[in-house]
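As a plain string of letters, each chain reads:
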Amino acid sequence: GESVGLHLPTLSVQEGDNSIINCAYSNSASDYFIWYKQESGKGPQFIIDIRSNMDKRQGQRVTVLLNKTVKHLSLQIAATQPGDSAVYFCAENWGGGADGLTFGKGTHLIIQP
Amino acid sequence: DAGVIQSPRHEVTEMGQEVTLRCKPISGHNSLFWYRQTMMRGLELLIYFNNNVPIDDSGMPEDRFSAKMPNASFSTLKIQPSEPRDSAVYFCASSSTGPDTQYFGPGTRLTVL
């Protein structure tokens, strides 16, 4: 999900369902990608990462998919729980020796009971 | 590990005053990053250091902003003079020499009146 200005895209899912959060990244030369979770009043928290030589990586309840052809990244969260409610950001490293991250605008995930 | 430590957590100041934000990275990490988060612009990289040396400061908004890293365990971000448009949450993050996972501190919420 991409956002414009003040309005973050929102994804609302039922507790126990699977969630898929999408991200279109900007630079075809990017070689490292991270998903972060940010809860209100806290700093971004690392969830999972993937390098450009992979197209899928799995963690605990989370899976990241990378499609370099269309510059698309997705985060799948299995069996969502109330604690998954947060804003999720994708971030990319543009490579070329620079270590800084460029962040997307974020997607607000809301878990309905 | 205590994680990335930032101080103060909240700062309220008046326009024209000097503001200094502090960061202690995770022990053993070689890279330190300063980010700023606003509703309008999201998370933006301001500057990053590798082995205490500033590598990329292209994100620093203007000369009123300066950052230092006198040793491996401490960094400051200074704004002088501060302006209301500097109001934001400022995050510090650290990582091993990368690109690699960046771990974020809790942030400093700055309000300039």
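Residues numbered from 1 in each chain as written. Chains lettered and ligands numbered in written order. Predicted model: local features only at pLDDT ≥ 70, side-chain atom pairs only at ≥ 80, totals over all residues. Heavy atoms only, no water.

Colleague: Just to check I follow, could you spell out the overall build of chain B for this structure?
Modeller: When helices and strands are counted, chain B shows zero helices and eleven strands. Counted from the first residue to the last, chain B has its helices and strands arranged as β-β-β-β-β-β-β-β-β-β-β. Against the 2.2 N^0.38 benchmark of 13 Å for 113 residues, chain B shows a C-alpha radius of gyration of 13 Å, consistent with a compact globule. Referenced to the eigenvectors of the C-alpha coordinate spread, the extents of chain B come out at roughly 35 × 25 × 25 Å. In chain B, buried positions account for 47% of the 113 residues. A separation of at least 24 residues holds for 54% of the contacts in chain B among residues at least 6 apart in sequence. Total accessible area computed for chain B in this model is approximately 5,400 Å², and 49% of it derives from carbon and sulfur atoms. (Helix = DSSP H or I, 4+ residues; strand = E, 2+ residues; numbered from the N terminus. Rg over C-alpha atoms; globule rule 2.2 N^0.38 Å. Buried < 20%, exposed > 50% of the residue type's maximum accessible area, 1.4 Å probe, protein only. Contact = heavy atoms within 4.5 Å. Areas by Shrake-Rupley, 256 points an atom, 1.4 Å probe, with all protein chains shown as cover.)

Colleague: Just to check I follow, could you spell out the packing of aromatic side chains for this structure?
Modeller: Aromatic ring pairs are defined here through the distance separating the ring centres and the angle between the ring planes. Counting across every chain of the model gives eleven aromatic pairs over all chains. On the basis of an interplanar angle of 55 degrees and a centroid distance of 4.5 Å, the ring pair of Tyr25 of chain A and Phe33 of chain A is categorised as tilted. Classification of Phe33 of chain A by relative accessible area gives buried; the value is 1%. When the ring of Tyr35 of chain B is compared with that of Phe104 of chain B, the centres are 5.3 Å apart and the planes differ by 35 degrees; the resulting orientation is tilted. Taken together, the residues span a long stretch of sequence, with Tyr35 of chain B in strand 4 (residues 31-38) and Phe104 of chain B in strand 10 (residues 103-104) at a distance of 69 residues. (Phe/Tyr/Trp six-rings, centres within 6.5 Å; stacked < 30°, edge-to-face > 60°.)

Colleague: Could you clarify how one ought to interpret the sheet that holds strand 1 (residues 5-7) of chain B in this entry?
Modeller: Think of a sheet as strands paired side by side through backbone hydrogen bonds, with each pair either parallel or antiparallel. Residue and element names in this part refer to chain B. Reading across from one edge, 1-3-8-7 is the order of the four strands in this open sheet, with antiparallel pairing throughout. A strand with exactly one partner marks an edge of an open sheet, and here the two such strands are strand 1 and strand 7 (65-71). Each strand of the sheet is rotated relative to its neighbour by a mean of 15 degrees, with strand direction disregarded. Two strands pair when backbone bridges link them, and strand 3 (residues 19-24) and strand 8 (residues 74-79) are joined in this way by five bridges, in the antiparallel orientation. When the sheet's bridge partners are listed, Leu21 is paired in strand 8 with Leu77. (Pairing = 2+ DSSP bridges. Axes fitted to C-alpha atoms, helices over the stretch in contact; angles between N-to-C directions.)

Colleague: What is the right way to look at the interface of chain B and chain A in this model?
Modeller: A common measure of how large an interface is: the accessible area buried when the components associate. On the side of chain A, 23 residues touch chain B, which itself brings 23 residues to the contact. With both chains or domains summed, chain B and chain A bury close to 1,700 Å², and 55% of this area falls on carbon and sulfur atoms. Of all residues in chain B, Leu43, Pro99 and Phe104 of chain B bury the most surface against chain A, accounting for 30% of the area lost on that side. For the interface between chain B and chain A, the tally reads zero salt bridges. Taken together, chain B and chain A are joined by six residue pairs in polar contact (both at pLDDT 80 or more). Counting residues per element, the ones that place at least two in the side of chain B that touches chain A are strand 4, strand 5 (42-50) and strand 10 of chain B. Looking at the side of chain B that touches chain A, the element that brings in the most residues is strand 5 of chain B, giving five residues. (Buried area = accessible area lost by both parts, 1.4 Å probe. Salt bridge = Lys/Arg side-chain N within 4 Å of Asp/Glu carboxyl O. Polar contact = N/O pair within 3.5 Å; in protein donor to acceptor, adjacent residues only side chain to side chain.)

Colleague: Explanation requested: the sheet that holds strand 7 (residues 72-77) of chain A in the structure shown.
Modeller: All names here are of chain A. If you trace the four strands from one edge of the open sheet to the other, you get 2-7-6-5, paired in antiparallel fashion. Edge positions in the sheet fall to strand 2 (19-24) and strand 5 (56-58), since each of these pairs with one other strand and no more. For this sheet the average axis-to-axis angle between neighbouring strands, irrespective of direction, equals 15 degrees. When strand 2 meets strand 7, the two strands line up antiparallel, connected through six bridges. If you follow Asn22 over to strand 7, its bridge partner there is Ser74.

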